[in-house]
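So you can see what is in the structure, the chains are spelled out below.
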Amino acid sequence: MEMDKVLAQKVVARLHREIPYNINVMNQQGTIIASGEPSRVGQSHPGAIEAIQGQKTNIIEQDQPDGTLRGFNMPIVVQNEVIGVVGITGAPEKLTYIAPLVKVTTELLTEQALADQVLSRAKRRLERFLFDWLAIQDSAVLTPDFVQEANALGVNIDEQYQAMVIKTPHLLPETVEVGSYKLRITPDELLILTRQAEVLAHWHQKAKEVQAAVGISQPQKLVSEALKQAREVIKYNQGTNQKLLYYTAEVDYAYRLLSADIVVDEYVEKFRVLAQTDSGQVLITTFQKYFRNNGNIVDTAHQLHIHRNTLNYRLGQIKDKLGLDPKRYDELVILYTAFLNYELR
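In this text, all values refer to a predicted model and were calculated from it rather than measured experimentally.

Enquirer: Requested: an account of the nonpolar core, with residues and values cited.
Expert: Residues Tyr-236, Phe-271, Phe-287, Tyr-336 and Leu-340 are the most contacted members of the largest nonpolar core, which totals 35 residues. Elements with a contribution of two residues or more to this core: helix H7 (223-240), helix H8 (249-259), helix H9 (265-274), helix H10 (278-292), helix H11 (297-304), helix H12 (308-322) and helix H13 (329-344). The dominant element in this core, judged by the number of residues it contributes, is H13, at seven residues. Membership of the second largest hydrophobic core comes to 23 residues, among which are Ile-33, Ile-83, Val-86 and Ala-99.

Given below as structure tokens:
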């Protein structure tokens, strides 16, 4: 363990805000790596070398011919190891009470900074692992190294997890419960992996506070599949004006239709043409409601706040403009597949 230049300069800057004396920090070789007098950085400090060799405070009573200035040079001890020296320049009789405080403060600041570095490295290590985990498309091909890393990090990869994607650029800095994981996967996507319903509920509330779109997967052993499902919920909601939270059979059915390669290009183009006018958009909304109500005329008319005759007229218009009859089940499915391709692709 050794004091680095960046940390040393932070310590000097912090002490200078409180102490009207010059502060130097030296490394284990006795070289000044940070100072209130920048011109001294890089110089060898004999008083620091003596403090390191003697493992104790070196007090210099008078300025020395070699350029060493009077003052205190005190070993920086962290975890029972001397990692450098902190020096305070001035008449020793004036520094008797200040010097020990400088030493203790330096050690506390250093310990905290090193602890933060350890936590930061641990966080980056976990993030790397989570990205690697999300990249795995087949749980049967987990490498021994990957399994070993999971065990070292305490990640249980044998359980099923639910993925929650929160579509937001907001930081949401709060940590998650032990056994759950939080990861910024894109600038505007935050991922929560968890096996706990209360964690999902808590972060759903957080998402609502920033008015963020949310999608939650079904429990999955393969976290890449869980992430895919959560994203598909959000995309499905955006395309169909739904407010689904979980990956349901409805969402699954929609994406199965999309992946079936049913040739509906002709009708997709007709939906695009229809969407270019206000009256056409009304017909598209009518079609959505009609499909969602399983072709029930009464329920659809009620939700649209129109008379049944008006609804029947609109369905006739849809048939005329799209070339398929929404009142026929086989043609309704084709129309819905075209609608999904229009909205989601």
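Enquirer: Go over unusual backbone geometry, please, and point to the residues and values.
Expert: One non-glycine residue, Asn-241, adopts positive backbone phi at about 60 degrees. Mapped onto the fold, Asn-241 is located in the loop between H7 and H8. Here His-305, not a glycine, exhibits a phi torsion of approximately 60 degrees, which is positive. Take His-305: it is sitting in the loop between H11 and H12. Classification of His-305 as exposed rests on a relative accessible area of 71%.

Enquirer: Before we move on, could you go through the pairing of strand E1 (residues 23-26) and cite the residues and values that matter?
Expert: Because side chains alternate across E1, one face comprises the buried residues Ile-23 and Val-25, and the other comprises Asn-24 and Met-26, equally buried. Bridging between E1 and strand E5 (residues 81-89) involves four bridges; their strand directions are antiparallel. Opposite Val-25, over in E5, you have Val-86 as the bridge partner. Where E1 meets strand E2 (residues 32-35), three bridges bridge the pair, whose relative direction is antiparallel.

Enquirer: So, the packing of helix H4 (residues 98-135) against helix H5 (residues 144-153): which residues are in play, and what are the values?
Expert: As a packed pair, H4 and H5 sit with axes 11 Å apart at the nearest point and diverge in direction by 135 degrees. Of the possible angle classes, the one that applies to H4 and H5 is oblique. Judged by the sense of rotation from one axis to the other, the crossing of H4 with H5 is left-handed. Contact residues: H4 offers Arg-125, Leu-126, Phe-129, Asp-132 and Trp-133, while H5 offers Phe-146, Glu-149, Ala-150, Ala-152 and Leu-153. In terms of residue class, the contact of H4 with H5 is built from seven nonpolar, no polar and three charged.

Enquirer: Tell me about the sheet that holds strand E9 (residues 213-216), residues and numbers included.
Expert: One open sheet accounts for four strands, arranged E7-E8-E6-E9; its pairing is antiparallel. Looking at which strands have only one partner, the edges of the open sheet turn out to be strand E7 (181-186) and E9. Looking at each pair of strands side by side, their axes are set apart by 20 degrees on average, direction ignored. With five bridges joining them, E7 and strand E8 (residues 189-194) adopt antiparallel strand pairing. If you follow Leu-183 over to E8, its bridge partner there is Leu-191. Seen against the sheet, H7 touches strand E6 (162-167), E7, E8 and E9 and runs at an angle of roughly 140 degrees to E9.

Enquirer: Explain H7 to me, using residue names and the numbers behind them.
Expert: End to end, H7 covers 26 Å across 18 residues, agreeing with the expected 26 Å (1.5 Å per residue, within 8%). Counting buried positions along H7 yields 13 of 18 residues, so the element is predominantly enclosed. Just past H7, the residue Asn-241 takes up positive phi, approximately 60 degrees.

Enquirer: Describe the packing of H8 against H13, with residues and values.
Expert: Contact pair H8 / H13: the axes reach a minimum separation of 10 Å and the direction vectors enclose 90 degrees. Looking at the two axes, H8 sits roughly perpendicular to H13. Contacts between H8 and H13 involve Tyr-253, Ala-254, Tyr-255, Leu-257 and Leu-258 on the former and, on the latter, Val-333, Tyr-336, Thr-337, Leu-340, Asn-341 and Leu-344. Its residues assigned to classes, the contact of H8 with H13 comprises nine nonpolar, two polar and no charged.

Enquirer: Which residues make up H8, and what values do they have?
Expert: Within the sequence span of H8, burial applies to Val-251, Ala-254, Tyr-255, Leu-257 and Leu-258. Here the buried residues of H8 occupy an arc of 150 degrees about the axis, which is enough to place them on one side. Along H8, the residues that are exposed and aim more than 90 degrees away from the buried face are Ala-249, Arg-256 and Ser-259. Buried positions along H8 lie against H7 and H13. Trailing H8 by a residue or two, Asp-261 shows a phi angle of about 55 degrees, which is positive.

Criteria and thresholds
- Residues numbered from 1 in each chain as written.
- Predicted model: local features only at pLDDT ≥ 70, side-chain atom pairs only at ≥ 80, totals over all residues.
- Heavy atoms only, no water.
- Core = buried A, V, L, I, M, F, W, Y, C linked by side-chain atoms within 4.5 Å.
- Buried < 20%, exposed > 50% of the residue type's maximum accessible area, 1.4 Å probe, protein only.
- Helix = DSSP H or I, 4+ residues; strand = E, 2+ residues; numbered from the N terminus.
- Pairing = 2+ DSSP bridges.
- Axes fitted to C-alpha atoms, helices over the stretch in contact; angles between N-to-C directions.
- Parallel < 35°, antiparallel > 145°, perpendicular 65-115°, else oblique.
- Left-handed = near helix turned anticlockwise from the far one by under 90°.
- Contact = heavy atoms within 4.5 Å.
- Nonpolar A, V, L, I, M, F, W, Y, C, P; charged D, E, K, R; others polar.
- Expected span 1.5 Å × (residues − 1).
- Arc of directions from axis to C-beta.

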